[in-house]
Amino acid sequence: MSTIVFKINDIQYEADGRYGPDVSLNEFIRNVADLRGTKVMCQEGGCGACIVAVRAPLPPTNEIKLFSVNSCLVSILSCQNWEITTVEGIGNRTIGYHEIQTRLAKFNGTQCGYCTPGWIMNMYSLYESKNTKVNSKEIENSFAGNICRCTGYRPIADAFKSFATDADKSLLNKLQDIEDLGFFKSCAVKCTQDNDWCILDKASNNEIIAIESGNHKWFKVYSLSDVFKAIEGCHDYKLIAGNTGQGVYHISGYPKNVIDIFNVSELKGYTIDVNLILGAGMTLSDMMDVFIKLANENDDFSYLKEFHNHMDLVAHVPVRNIGTIGGNLYMKFVNNEFPSDLFLLFETVGAMITIADAPNKSDTVTLIDFLKLDMKGKIIVNVMLPPLSQCCFVKTFKIMPRSQNAHAIINAGFLFKFKHDQGILEKAKIVYGNVNPKFVHATKTEESLKDKDPFADDVLKITLETLYGEIDPDTAPPEPSSEYRKLLAVSLYYKAILSLCPETKIDKRYRSGGDVIKRHTSKGMQSYDTDESVWPLNKPVPKLEALVQCSGEGTFANDLPSQTNEVFGAFVTADVNPGSVIAGFDTTDALKIPGVIAFYAAKDIPGKNNFTPINAILNSEEEILCSKDVKFNGQPVGIIVANREKIATNAAKLVKIKYESISTKKPLLTVHDVLMSTEKERISLDKMVEPTDIGNDVKKVISDKVIFESQYHYYMEPQTCVVKPSEDGFEVYSSTQWLDLTNIAIAECLNVPVNSINVIVRRVGGGYGGKITRSSQIACAAALVSQLQGKPCRFILPLQTNMKIIGKRAPTYCKFEAGVNGTGEIQYLKINYYQDNGCSKNENTSVITVTHLPNCYESKRWHIEAYGALTDTPSSTWCRAPASTEGIAITEIIMEKIAHELGKDAIQIRQANMKKEDNPISELIEQLKRDSDYETRLREVEDFNKSNRWRKRSLKLMPMSYELFYFGPFNSLVSIYHADGSVVITHGATEMGQGVNTKVAQVCAYILGIPLEKVSVKPTTSFTSPNCMPTGGSIGSECVAYATMKACEILLDRLKPIKDKMNNATWKEIVAEAFISGVNLQATYMYSTKDPIKSYDISGVVALEVEVDILTGNHDVRRVDLLEDTGRSLSPEIDVAQIEGAFVMGLGYWTSEKIVYDEKTGKLLTDRTWTYKPPGIKDIPADFRIYFRRNSTNTLGVLQSKATGEPALCLAAVITHALREAVRSARLDAGYEDNWINIENPCTTEKIFMAVEHKLEHFKLK
Ligand SMILES: Cc1cc2nc3c(=O)[nH]c(=O)nc-3n(C[C@H](O)[C@H](O)[C@H](O)COP(=O)(O)OP(=O)(O)OC[C@H]3O[C@@H](n4cnc5c(N)ncnc54)[C@H](O)[C@@H]3O)c2cc1C
Ligand code: FES
Ligand code: FES
């Protein structure tokens, strides 16, 4: 039997007919090779968690190359002759760590660590493939496909840029400083491997390999004639090149025959006759190399520089490394709506495409004709790009919702061919993508431009009108609105003209409108004091787990090695309008699939069908599996059990749900919908605060409405639970922030005692609140399967399921009215605040929002009504800084609006309303103004705006006072080993990246007076830390640090008599003696709210400078200075990381992260990486400076520290003010009145652009 032969970390594997085409390299690495370091999340090339390095001989030269790939997109049968290296393969505890691993750890580039292996392997591939010669810009540009939700990217970027040939001196100094602290031994693995370790043949015998696997036959072919041999007689086949297309259009099932053409040599390489002929099998990375080479060498192809820059925005490096030209164009062929950038570029210059239907029979057609062909039995062989004379100008654009790795909102290509020396056009080509599936050329406009001077104002005017008339975008949610796409397309034409127009014909203020925002390589600065007298407390140390996270040795719930007999569960979801009523299920089709074992519904639950047992925090029951009335579109109603994860996921889609009735009622998806409906019972008044004072000097009344939308937590580790039957019940490995809830919910669901459920959490791959209560639903489902099957069960939510069933940040609707005096001092303020709770009241925080609303201001005159509203969406959940984000943002908008209405400076208005007593904000504002050079930069911004019509900058400042409150209990159990005096801690909080273990270890070492290296922290379990509260609200670290401190003090008390007896004895000697004397060397303490640590305020101020491209709506955060009061930080580097990560998550919330539901059905439309866009590495502030308040202490908190996990997120709302100010400047230039501007939240590219209210007559040259 034929096999596919490859190596993983130098061990040879063979894949034969046991593996179908749907078994990915990722699945093989994790489940067959049992290498759990490589992670997986989106399974569609959008997150980077799964990246590995590949060394393989590639045609046409068969030179051996090293490149990164997304292992989730590669079929294992594609891996013939590959040598794959995973994160464990480059360094580990046994062989020593690789310098890339140690350096990322040293720079604190890991938090939860789930994304880390992907980053490491992408960097490793880049570094090795470039023979270690790589500069900072290239490094920063190469991680578009790696998402990190925790760190805010800055420390990762710093760590990697320290390898650059042009590494900034400050980074090298920082590296030296960290190394001087001596936390890590120097690395044992050479940075560059010798090339001769590749033992695979450069190319094997190149004979067709055919692998039969049950329903499929896989052909690996090396020549065009073999492609046709394989196609011959097949009706049912699919060609596969890089197979990355499945990241865009998911493959629900492979046909009978799959033909892997990735190594077909005739499709590779390029030649130039007159044209440039690119083999269709050429990868996008190789194509870009050719573009840059030819652009520099050959004037006729100088336009390829523009193409290269455009391609840099297409997908990301690992996709481009194997994704091919042919694959991309064929995707456009099948799915005309696909905004293919290749199609756009090629069509702009009139490229031709060669299609073969036999080895020696081919036709060359235009790309437009290609779209109309019957491609059955045919293959794309090459694309021919023409040379262009010096009379031609090419300009292309791709406008995206974030800086990189997103498909185009609109992409555009313009070619202007001028008549020789005449200044008028011979022809113009105007091509757009993502207008509508049939739209390619703006033909009428192209026609109208013939023999015209495009740089004449009158021609421009008519052209824009013609263009506006003929661009006809469809409405295709969640794509941005048709109005935006239409005007954007026109604006891009104007942009092209601005960029190409001769100097003499253009007002120089307009010129910068022709460019897209060019971002400089980012940099950061962190400023804090550290008090060496209390070290290891307050010492900047890397995370305890940083190295094992960087090597993939740190484990998550789903990293438990494969278990004998294990099964997988997947939710069946009710994808119907809320209000539909379930009658039963038809499982015939699902159960027919080989590997499917069972189906369970609500009736199979032996105990309570509820994953939110009522307690101090939760007040509503929520069903694990919906038994009858569907509450939201996508609610789980059943579970399919199978012997493979993918089989379970696919089979779950085949279960037919029978309904007693299917609702056709339009769901109520927002607070506004509810307020407009007759269903007022959905609204409840949760809290009212009456004013205790009122002013009588009302000069102006200001009112408005504020709407904030939702945010997906975007933890990189999906909701996961692995349950194993044990001798006394079940072992539960859950990705939960709340073990106690998980414990109780499972016990009640299975109807077993709580003490038979052992919940174990080593670490969680990001939670941000989304794994506090929701994780228990997945845990109950996994436990149910495990109990009913008597087998271990893994339950991992696929991204789409995760996004649709898990509630997100609670949206906000708020109305306010303020009466102010002439200086802006509030005389009265009425706030009616509504929180969108989704379908249950659980996790309602409207009452807490009330406490955050005053921010740093005097609120005696404020009347606040806080309501909760039930909508037909999943129950809203806490999402990092819940309630505070919303409360503070509302108040800050009020301050900004008062300032605007009175024509005053917003900082003055803030000062006028500032709380007088015990408020350090004014002092902090002054400090930050000085540190950030605020006044000078304000003037620079003004000057810039005067000289630029289409680029606008703004600099805004915003204060925050975040009231931190405690809840408990949380325990800590500290044990000392008598043999060597080493100490072990286990505590009741969940380590999810916030560094709780490191802080706790520092506190322990400090109190006991021992070196930090003596302390280790074990997983959290429900049997050593029962009855603890969820880790969240920034306080988990504080509370367990406190509990640890108290437990250590108990131990010290017990040791004191021994110590006093022994003169100058060492710690080890004291412990040994204590053991002999029968001293109990283990102590536990349970923190409760009765303990004397008290609520306190966390103050902060931020100044943010942004630049907006007014012609597209794109923006760049140029600089952020953020000052926060951290008290005497327990661990400064960890707190810096918390602040940066929170702030960047906030930037995402206010800008690119838009949740869209289908209005008629309530279906979530933004449920993928393709449609939902958290910030990437090039979306962070280009200059990011963090300052801790100097000489700060805190008598109320733990060991004088303050919490840092959430507050900085609240400060990110400053970006909305900065964007508004930039738009305001553009509107004033356009002649609009100086009205208050409401940019809808989130301030996406669309909303920014639309707020400008462009008119065609604004687009002129003089
Ligand atoms: C995360 C992500 C982001 C992306 N962003 C963008 C983007 O912004 N812009 C953009 O344009 N693209 C984007 N893409 C698409 C990417 O460019 C394509 O996935 C890639 O080019 C497809 O190449 P492939 O070789 O992997 O195709 P495959 O997945 O192997 O094949 C795709 C289709 O093409 C067919 N096919 C392949 N080769 C041939 C051939 N020679 N002749 C005939 N049929 C063939 C296959 O049968 C299949 O139907 C993105 C993809 C991902 C995963
Ligand atoms: S899991 Fe492969 S890119 Fe997300
Ligand atoms: S550390 Fe990157 S996602 Fe958590």
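Residues numbered from 1 in each chain as written. Chains lettered and ligands numbered in written order. Predicted model: local features only at pLDDT ≥ 70, side-chain atom pairs only at ≥ 80, totals over all residues. Heavy atoms only, no water.

- Database annotation for the protein chain, UniProt heading Subcellular location (unreviewed entry): "Peroxisome".
- Comment text from UniProt for the protein chain, heading Subunit (unreviewed entry), reads "Homodimer." (UniProt positions renumbered as here; feature names shortened; annotations may be inferred.)

## Quick notes on the overall build of the protein chain
Then, number 1: Regarding its fold elements, the protein chain presents 36 helices and 41 strands.
Then, number 2: For 1262 residues, the compact-globule estimate of 2.2 N^0.38 gives 33 Å, and the C-alpha radius of gyration of the protein chain, at 31 Å, lies within 12% of that figure.
Then, number 3: Its C-alpha atoms give the protein chain principal-axis dimensions of roughly 95 × 85 × 70 Å.
Then, number 4: Across the 1262 residues that make up the protein chain, the buried fraction comes to 66%.
Then, number 5: Partitioning the contacts of the protein chain with sequence separation of at least 6, the portion at a separation of at least 24 is 77%.
Then, number 6: For the protein chain, the accessible area works out to roughly 43500 Å², and carbon and sulfur atoms hold 50% of it.
Then, number 7: Side chains of the protein chain carry 139 positive and 153 negative charges; the gap between the two charge centres is 1 Å. (Helix = DSSP H or I, 4+ residues; strand = E, 2+ residues; numbered from the N terminus. Rg over C-alpha atoms; globule rule 2.2 N^0.38 Å. Buried < 20%, exposed > 50% of the residue type's maximum accessible area, 1.4 Å probe, protein only. Contact = heavy atoms within 4.5 Å. Areas by Shrake-Rupley, 256 points an atom, 1.4 Å probe, with all protein chains shown as cover. Lys, Arg positive; Asp, Glu negative; His and termini not counted. Charge placed at Lys NZ, Arg CZ, Asp CG, Glu CD.)

## Points about the packing of helix 3 (residues 99-106) against helix 6 (residues 154-161)
Then, number 1: One can describe the packing of helix 3 onto helix 6 by two numbers: an axis separation of 9 Å at closest approach and a directional angle of 140°. In this view, helix 3 runs oblique relative to helix 6, as classed from their interaxial angle. Judged by the twist between their axes, the crossing of helix 3 over helix 6 is right-handed. Residues Ile100, Arg103 and Leu104 of helix 3 form the contact with helix 6, whose participating residues are Ile156, Ala159 and Phe160.
Then, number 2: Residue composition of the contact of helix 3 with helix 6, by class: 5 nonpolar, no polar and 1 charged. (Axes fitted to C-alpha atoms, helices over the stretch in contact; angles between N-to-C directions. Parallel < 35°, antiparallel > 145°, perpendicular 65-115°, else oblique. Left-handed = near helix turned anticlockwise from the far one by under 90°. Nonpolar A, V, L, I, M, F, W, Y, C, P; charged D, E, K, R; others polar.)

## Remarks on the UniProt feature "domain: FAD-binding PCMH-type" (unreviewed entry) in the protein chain
Then, number 1: Mapped onto this structure's residue numbering, the UniProt feature "domain: FAD-binding PCMH-type" (unreviewed entry) falls at residues 211-390.
Then, number 2: For residues 211-390, the helix share is 32%, the strand share is 24%, and the end-to-end C-alpha distance is 52 Å.

## Section: unusual backbone geometry
Then, number 1: In this chain, Pro477 is followed by Pro478 through a cis amide linkage whose omega measures 10°.
Then, number 2: Its place among the elements puts Pro478 in the loop between helix 16 (457-470) and helix 17 (482-500).
Then, number 3: In this structure, the amide linkage connecting Gly968 to the following residue, Pro969, adopts the cis form with an omega of 15°.
Then, number 4: The topology assignment puts Pro969 in the loop between strand 33 (951-964) and strand 34 (970-976).
Then, number 5: One non-glycine residue with positive phi stands out, namely Asp918, at about 50°.

## Some remarks on the pattern of salt bridges
Then, number 1: All chains considered together, the criterion is met by 82 salt bridges.
Then, number 2: The partner of Asp1229 in a salt bridge is Lys952, with the nearest N and O atoms 2.6 Å apart. Note that Asp1229 is positioned in helix 35 (residues 1214-1229) and Lys952 in strand 33, a separation of 277 residues in sequence.
Then, number 3: Asp1229 gets classed as partly exposed once you look at its relative accessible area, which sits at 33%. (Salt bridge = Lys/Arg side-chain N within 4 Å of Asp/Glu carboxyl O.)

## Description of the sheet that holds strand 35 (residues 983-987)
Then, number 1: The strand order 36-35-34-38 describes an open sheet built from 4 strands, whose pairing is mixed. With partners counted over all chains shown, the strands left at the sheet margins are strand 36 (1015-1017) and strand 38 (1082-1087), one partner each. Taken over all neighbouring pairs, the strand axes of this sheet differ in orientation by 20° on average, direction set aside.
Then, number 2: Summarising the sheet, strand 34 and strand 35 pair through 5 bridges and their orientation is antiparallel. (Pairing = 2+ DSSP bridges.)

## A closer look at the site of ligand 1
Then, number 1: If you check the shell around ligand 1, you find 35 residues, and the closest are Leu239, Thr244, Thr324, Asp341 and Lys398.
Then, number 2: Leu239 is positioned such that a nitrogen or oxygen atom in its backbone is 2.5 Å from an oxygen atom of ligand 1.
Then, number 3: One nitrogen or oxygen atom from the main chain of Gly327 is found 3.5 Å from an oxygen atom belonging to ligand 1.
Then, number 4: Calculation on ligand 1 without its partners gives an accessible area of 970 Å², and the protein chains cover 96% of this total.
Then, number 5: The element that contributes the greatest number of residues to the shell around ligand 1 is helix 12 (residues 325-334), accounting for 5 residues.
Then, number 6: Tallied by class, the residues present in the shell around ligand 1 amount to 17 nonpolar, 14 polar and 4 charged. (Near = heavy atom within 4 Å. Polar contact = N/O pair within 3.5 Å; in protein donor to acceptor, adjacent residues only side chain to side chain.)

## Quick word on the confidence of the model for the protein chain
Then, number 1: Summary statistics for the protein chain give a mean pLDDT of 96 and a share of 98% for residues scoring 70 or more.
Then, number 2: Across residues 191-200 the pLDDT falls below 50, and counting only partners more than four positions away or on other chains, this stretch makes 23 contacts in the model. (pLDDT = per-residue confidence, 0-100.)

## Describing the state of the cysteines
Simply put, the disulfide is a covalent bond whose two ends are the sulfur atoms of two cysteines.
Then, number 1: Scanning the entire structure with this criterion turns up 0 disulfides.
Then, number 2: As a non-bridged cysteine, Cys1243 has Cys814 as the owner of its nearest cysteine sulfur, 16 Å distant. (Disulfide = S-S within 2.5 Å.)

## Brief notes about the packing of helix 3 against helix 4 (residues 116-129)
Then, number 1: It is at 10 Å that the axes of helix 3 and helix 4 come closest, and there the two elements cross at 130°. As summarised for this structure, helix 3 and helix 4 are arranged oblique, according to the angle between their axes. Judged by the twist between their axes, the crossing of helix 3 over helix 4 is right-handed. Of the residues in helix 4, those touching helix 3 at Ile100, Gln101 and Leu104 are Thr116, Ile120, Met123, Tyr124 and Tyr127.
Then, number 2: Its residues placed into classes, the contact of helix 3 with helix 4 shows 6 nonpolar, 2 polar and no charged.

## Details of the pairing of strand 4 (residues 63-70)
Then, number 1: Two strands pair when backbone bridges link them, and strand 3 (residues 51-58) and strand 4 are joined in this way by 8 bridges, in the antiparallel orientation. In the strand pairing of strand 4, Arg55 is matched with Leu66.
Then, number 2: Taken together, strand 3 and the strand that follows it, strand 4, pair antiparallel across an intervening segment of 4 residues, in which Asn62 is found at a positive phi of about 60°.

## What to know about helix 10 (residues 304-311)
Then, number 1: Burial of helix 10 is extensive: 6 of the 8 residues sit out of reach of the surface.
Then, number 2: For helix 10, the set of buried residues is Leu304, Glu306, Phe307, His308, His310 and Met311.

## As for the pairing of strand 34
Then, number 1: Most of strand 34 sits out of view: 7 of its 7 residues are buried.
Then, number 2: Alternating residues of strand 34 divide into Phe970, Ser972, Val974 and Ile976 and Asn971, Leu973 and Ser975, and every residue in both groups is buried.
Then, number 3: With 6 bridges connecting them, strand 34 and strand 38 associate as antiparallel partners. Along strand 38, the bridge assignment pairs Asn971 with Met1086.
Then, number 4: Once strand 34 ends, the chain turns through 6 residues before running back antiparallel as strand 35, passing Gly981 with a positive phi of about 80°.

## A word on the nonpolar core
Then, number 1: Core analysis: the biggest nonpolar cluster contains 281 residues, and Phe160, Phe414, Tyr432, Tyr493, Tyr494, Leu1104 and Phe1143 have the highest contact counts within it.
Then, number 2: One finds Ala280, Phe333, Met375 and Val383 within the second-largest nonpolar core, a separate group that totals 43 residues. (Core = buried A, V, L, I, M, F, W, Y, C linked by side-chain atoms within 4.5 Å.)

## Examining the side chain of Glu44
Then, number 1: Within the secondary structure, Glu44 sits in the loop between helix 1 (25-32) and strand 3.
Then, number 2: At 2.6 Å, the side chain of Glu44 and the side chain of His250 are in polar contact.
Then, number 3: What Glu44 contacts, discounting residues up to four positions off in sequence, is Cys72, Leu73, Gly247, His250, Leu799, Arg1168, Thr1169 and Trp1170.

## Quick notes on a negative patch on the surface
Then, number 1: Side chains of Asp933, Glu940, Glu942 and Asp943 sit close together on the surface and give a patch of like negative charge.
Then, number 2: Residue Asp943 is classed as partly exposed on the basis of its relative accessible area of 46%. (Patch = residues over 30% accessible without salt bridge, like charges linked within 9 Å, V, L, I, M, F, W, Y side chains within 5 Å.)

## Remarks on the sheet that holds strand 30 (residues 812-820)
Then, number 1: Taken in spatial order, the 5 strands line up as 24-32-31-30-25 in an open sheet, and their pairing is mixed. A single partner strand is all that each edge strand has here, and the edge strands are strand 24 (683-689) and strand 25 (700-708). Strand-to-strand twist of the sheet, defined as the mean angle between neighbouring strand axes without regard to direction, takes the value 10°.
Then, number 2: Judged from the 9 bridges that link them, strand 30 and strand 31 (residues 826-838) form a sheet pairing that is antiparallel. Following the sheet pairing, Cys814 is matched in strand 31 by Tyr833.
Then, number 3: Sheet contacts for helix 26 (residues 884-902): strand 25, strand 30, strand 31 and strand 32 (862-870); angle to strand 25, the most-contacted strand, approximately 140°.

## Here's the deal with the packing of aromatic side chains
How two aromatic rings sit relative to each other is given by the distance of their centres and the angle of their planes.
Then, number 1: What the rule picks out here adds up to 49 aromatic pairs.
Then, number 2: A ring pair is formed by Tyr19 and Phe28, whose centres lie 5.4 Å apart and whose planes are at 65°; its orientation type is edge-to-face.
Then, number 3: Taking 4.7 Å as the distance between ring centres and 15° as the angle between the ring planes, the aromatic pair formed by Tyr834 and Tyr867 counts as stacked. With Tyr834 in strand 31 and Tyr867 in strand 32, the pair connects residues that are 33 residues apart, well separated along the chain.
Then, number 4: Take Tyr834: its relative accessible area is 9%, and that puts it in the buried class.
Then, number 5: A cation sits over an aromatic face here: Lys486 above Tyr468, 4.6 Å from the ring centre.
Then, number 6: Sitting above the plane of the Tyr715 ring, Lys771 keeps its charged end 4.5 Å from the centroid. (Phe/Tyr/Trp six-rings, centres within 6.5 Å; stacked < 30°, edge-to-face > 60°. Lys NZ or Arg CZ within 6 Å of the ring centre and 35° of its normal.)

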